[in-house]
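Inside the fold
So the chains spell out like this:
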Amino acid sequence: MKSVLDELLRREQQPTVLKLRRLLSLGYLPARGNQSYRMVHTSTAREMTFLVNCVAHTFFNLTNQQLENFDSLDGMNFRGFLFEDEDCSVSYKRVIDFVKRTGLNVTNTSFKAPVEDNSWRVAVYFQIDDNGKYGADFHFLLEENDGMWSSKEGSFPDLIYYSKPPKILASHHDKTKQYKLHGYLRVSNPNIELQNAQNVD
């Protein structure tokens, strides 16, 4: 049974979910490539990076042109999963629920599993404290088309690249934060399969 807090959160997220659903229904796949998050958002005159955290970067990977249709509320909705004194598994479930509501499919996978044309892979990290216990925070890495893995921390603009996801990931911006590799997700856009089926017909 969902809490009142989660119900309120889902309502706040709905405008962002609808924007993403519309975009994904057209068959979008992660395609930012090397675009810089330092590009200026036309309507706010702020760098694009203010909108995008690790959730937005890895699951949606929107181009700067697409981000022009998103605003500060959307930026908050990409971040509004963490609450004090909660285990990271709770906030992680909120992220997955949000992603699925946009129309994407999310399943567990492995580092070596093949990735189909309509899908991409995300590495999942949970924050750990000095005793190796889980904290409240999480982090995600995106496997890029060239096989490298990219990390975007919070609103910081620069991406950090890894040849493979490290077992322990230290934050580049807060040296007190460390994250432990929890597993891998296969994320796919089923709208591509539908479009391909319609093209065959």
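Scoring rules and cut-offs
- Residues numbered from 1 in each chain as written.
- Predicted model: local features only at pLDDT ≥ 70, side-chain atom pairs only at ≥ 80, totals over all residues.
- Heavy atoms only, no water.
- Helix = DSSP H or I, 4+ residues; strand = E, 2+ residues; numbered from the N terminus.
- Expected span 1.5 Å × (residues − 1).
- Buried < 20%, exposed > 50% of the residue type's maximum accessible area, 1.4 Å probe, protein only.
- Salt bridge = Lys/Arg side-chain N within 4 Å of Asp/Glu carboxyl O.
- Phe/Tyr/Trp six-rings, centres within 6.5 Å; stacked < 30°, edge-to-face > 60°.
- Lys NZ or Arg CZ within 6 Å of the ring centre and 35° of its normal.
- Axes fitted to C-alpha atoms, helices over the stretch in contact; angles between N-to-C directions.
- Parallel < 35°, antiparallel > 145°, perpendicular 65-115°, else oblique.
- Left-handed = near helix turned anticlockwise from the far one by under 90°.
- Contact = heavy atoms within 4.5 Å.
- Nonpolar A, V, L, I, M, F, W, Y, C, P; charged D, E, K, R; others polar.

Observations concerning helix α5 (residues 88-101)
Compared with an ideal rise of 1.5 Å per residue, which puts 14 residues at 20 Å, α5 spans 20 Å between its outermost C-alpha atoms and is within 8% of the ideal. Along α5, the residues classified as buried are C88, S91, Y92, R94, V95, I96, F98, V99 and R101. Following α5 by one or two positions, G103 adopts a phi angle in the positive range, close to 105°.

Considerations on helix α1 (residues 4-25)
In this model, α1 (22 residues) spans 30 Å end to end at C-alpha, consistent with the 32 Å of a helix rising 1.5 Å per residue. Positive phi appears at G27, one or two residues downstream of α1, with a value of about 90°.

Focus on the pattern of salt bridges
Counting across every chain of the model gives 11 salt bridges. Its salt-bridge partner being K19, residue D71 comes within 3.8 Å of it at the nearest N-O pair. Of this pair, D71 sits in the loop between α3 (64-67) and α4 (72-77) while K19 sits in helix α1, and the two are 52 residues apart along the sequence. When the shortest N-O distance is used, the salt bridge between D97 and R101 registers 3.6 Å. Here R101 and D97 lie together in helix α5, a separation of 4 residues that amounts to about one turn. Relative accessible area serves as the criterion here: at 13%, R101 is assigned to the buried category. Each of the salt bridges in this network shares a partner with another, and the network as a whole consists of D6, E86 and R94.

Topic: the packing of aromatic side chains
Evaluation of the coordinates by the stated rule reveals 12 aromatic pairs. A centroid spacing of 6.1 Å and a plane angle of 85° characterise the contact between F60 and F98, whose relative ring orientation is edge-to-face. With F60 in helix α2 (residues 54-60) and F98 in helix α5, this pair connects stretches of sequence that are 38 residues apart. Pair check on accessibility: F60 and F98 agree, each one buried. Arranged with centres 5.4 Å apart and planes meeting at 45°, the rings of F138 and F140 form a pair that is tilted. Here F140 falls in the buried class, since its relative accessible area comes to 0%. An aromatic cluster is built from F59, Y92, F126, F138 and F140, whose rings are joined through pairwise contacts. The residue whose ring lies beneath R46 is F50, and the NZ or CZ to ring-centre distance is 4.0 Å. Note that K164 overlies the ring of F111, its terminal NZ or CZ placed 5.7 Å from the centroid.

Considering unusual backbone geometry
Phi at A45 takes a positive value of approximately 60°, unusual for a residue other than glycine. The phi torsion at N61 lies on the positive side, around 50°, for a residue other than glycine.

Examining the packing of α1 against α5
With their axes 9 Å apart at the nearest point, α1 and α5 run at an angle of 40° to one another. When the axes of α1 and α5 are compared, the pair comes out oblique. The handedness of the crossing between α1 and α5 is right-handed. Contacts from L5, D6, L9, R10, Q13, Q14, T16, V17, L20 and R21 in α1 reach R94, D97, F98 and R101 in α5. The residue makeup of the contact of α1 with α5, split by class, is 5 nonpolar, 3 polar and 6 charged.

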